[in-house]
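Close look at the chain arrangement
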Amino acid sequence: MFWVLFLLLAWAGLLFACTRLLKAAGELADPPAGTAARRRHDELNLYEAAYLAGGPERVAELTLLSMQRQRRLLLAHTGWATVVDPVGRDPHECSVLGAFGPDGQEPVTSVRAVAARDPAVRALAERLGEAGLALRDGAQQEISAGIRAVRQATLLVLGMAVAALCVPDPGTTTGMILCWFALPLILALGCLAIARVEGHAQSGWASPDGRRLLVQLGRERGVRGSLTAVALRGLRAVADPELRAALAYGRRGRIPRQRGH
């Protein structure tokens, strides 16, 4: 019965990993204390939706697109942006305009990067975090670490099963050993499957409450080509291919070919 020691080691490693993953998931699902008192309304503005769905860069892209549609900013398919109206109407527009040099022209990739790091985006993230709609810092990393731990535990279970089969035991059959090790293996694979399904539902920025509001906003106003659709789904929701190409510069390492339009 020496193989039982291998089984116990497999269970110990797996239970530790699953506990770590469940703890991280539980902390992710629980809103911070006082959230209900701080959140006075049950809807999102476009900047909030963009951050929860795609993070700081999505906020910058939404701002660029909004200003372009108002003809206050020109975006060329070559990847350059030109200022038409130098007056910002909110902190996010000011952050975009502040990324331009004195000649009023800059590559879209540079403007996006500067605007995404602006204090206005950090303040937006803090407000959403206090309201329980955005993930706290490090929450997604803890989930990823928990998933990695379960994967490692799965390999441990398989390794212990092989080791158990290599230990001769006249009173135990190979089928019995495999059946006993199948139990922790099923648990490990089940945890990984659930984590994968839940992972597809997460934006990486929104808490469960935040995702609920994103779904609600998408049902109400998520028409393709609208600013709401871009906030929720990113550049793939931009209907104009040239405009989409302009905003996509820098995503695949492409450099604008020429300055101007």
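1. A few points about the overall build of the protein
The helix and strand inventory of the protein stands at twelve helices and three strands. When each of the 261 residues of the protein is scored for burial, the buried share is 44%. Sequence separation of 24 or more characterises 70% of the internal contacts of the protein that already satisfy a separation of 6 or more.

2. Examining helix α10 (residues 208-221)
Between its first and last C-alpha, α10 extends 20 Å over 14 residues, near the 20 Å set by a 1.5 Å rise per residue. Those residues of α10 lying buried are Gly210, Arg211, Leu213, Leu214 and Leu217. Viewed along the axis of α10, the buried residues span an arc of 160°, placing them on a single side of the element. Looking at α10, the residues exposed on the side facing more than 90 degrees away from the buried face are Arg219 and Glu220.

3. A few points about unusual backbone geometry
Non-glycine residue Arg71 carries a positive phi angle of around 60°. Along the chain, Arg71 falls in the loop between α4 (56-69) and β1 (73-75).

4. Here's the deal with a positive patch on the surface
Taken together, the side chains of Arg20, Arg148, Arg151 and Arg196 present a region of like positive charge at the surface. Relative to the helices and strands, Arg148 is located in helix α8 (residues 139-166). Arg148 sits in the partly exposed class, given a relative accessible area of 46%.

5. Details of the nonpolar core
Formed by 23 residues in total, the largest nonpolar core has its most connected members in Leu64, Leu73, Leu75, Val96, Val238 and Leu247. Looking at this core, the elements with two or more residues in it are α4, β1, α5 (91-97), α6 (108-116), α11 (227-233) and α12 (241-248). Setting aside its immediate chain neighbours within four residues, Leu247 contacts Glu61, Leu64, Leu65, Leu75, Val108, Arg112, Leu235 and Val238. Counting residues in each nonpolar core, the second largest holds 22 residues, with Ala50, Leu213, Leu214 and Leu217 among its members.

6. What about the side chain of Arg58?
For Arg58, the location among the structural elements is in helix α4. Here Arg58 is buried and forms no salt bridge, its nearest opposite-charge partner Glu61 lying at an N-O distance of 4.4 Å.

7. Observations regarding the environment of Pro86
By the secondary structure assignment, Pro86 is in the loop between β2 (80-83) and α5. Considering only alpha carbons, one finds Pro86 and Leu97, eleven residues apart in sequence, at a separation of 6.6 Å.

8. Focus: a nonpolar patch on the surface
On the surface, a nonpolar cluster with roughly 300 Å² of combined accessible area is contributed by Phe2, Leu5 and Leu8. Looking at where Leu5 falls in the secondary structure, it is placed in helix α1 (residues 3-29).

9. Remarks on the sheet that holds β1
The three strands are arranged β1-β2-β3 in an open sheet whose pairing can be described as antiparallel. In this open sheet, the two strands that pair with only one neighbour each are β1 and β3 (105-107). When the angles between neighbouring strand axes are averaged without regard to direction, this sheet yields 20°. Of the pairings in the sheet, the one linking β2 to β3 comprises three bridges and is antiparallel in character. Its bridge partner lying in β3, Ala81 is registered against Glu106. Lying on the sheet, α6 is in contact with β1, β2 and β3; it crosses β3 at an angle near 85°.

10. Regarding the packing of helix α3 (residues 46-54) against α10
Running from N to C, α3 and α10 point in directions that differ by 120°, and their axes come no closer than 10 Å. As the angle between them shows, α3 and α10 are arranged oblique. Considering only the axes of α3 and α10, their crossing is left-handed. Facing Ala49, Leu52 and Ala53 of α3, the residues of α10 in contact are Gly210, Leu214 and Leu217. Considered class by class, the residues forming the contact of α3 with α10 number five nonpolar, one polar and no charged.

11. Some remarks on α3
The element α3 is extensively covered by neighbouring structure, given that seven of its nine residues are classed as buried. Considered for burial, the residues of α3 that qualify are Tyr47, Glu48, Ala49, Ala50, Tyr51, Leu52 and Ala53. Those residues of α3 hidden inside the fold are in contact with α4, α5, α7 (119-130), α10 and α11. In the segment just after α3, Gly55 is the residue with positive phi, at about 85°.

What counts and how
- Residues numbered from 1 in each chain as written.
- Predicted model: local features only at pLDDT ≥ 70, side-chain atom pairs only at ≥ 80, totals over all residues.
- Heavy atoms only, no water.
- Helix = DSSP H or I, 4+ residues; strand = E, 2+ residues; numbered from the N terminus.
- Buried < 20%, exposed > 50% of the residue type's maximum accessible area, 1.4 Å probe, protein only.
- Contact = heavy atoms within 4.5 Å.
- Expected span 1.5 Å × (residues − 1).
- Arc of directions from axis to C-beta.
- Patch = residues over 30% accessible without salt bridge, like charges linked within 9 Å, V, L, I, M, F, W, Y side chains within 5 Å.
- Areas by Shrake-Rupley, 256 points an atom, 1.4 Å probe, with all protein chains shown as cover.
- Salt bridge = Lys/Arg side-chain N within 4 Å of Asp/Glu carboxyl O.
- Lys, Arg positive; Asp, Glu negative; His and termini not counted.
- Charge placed at Lys NZ, Arg CZ, Asp CG, Glu CD.
- Core = buried A, V, L, I, M, F, W, Y, C linked by side-chain atoms within 4.5 Å.
- Pairing = 2+ DSSP bridges.
- Axes fitted to C-alpha atoms, helices over the stretch in contact; angles between N-to-C directions.
- Parallel < 35°, antiparallel > 145°, perpendicular 65-115°, else oblique.
- Left-handed = near helix turned anticlockwise from the far one by under 90°.
- Nonpolar A, V, L, I, M, F, W, Y, C, P; charged D, E, K, R; others polar.

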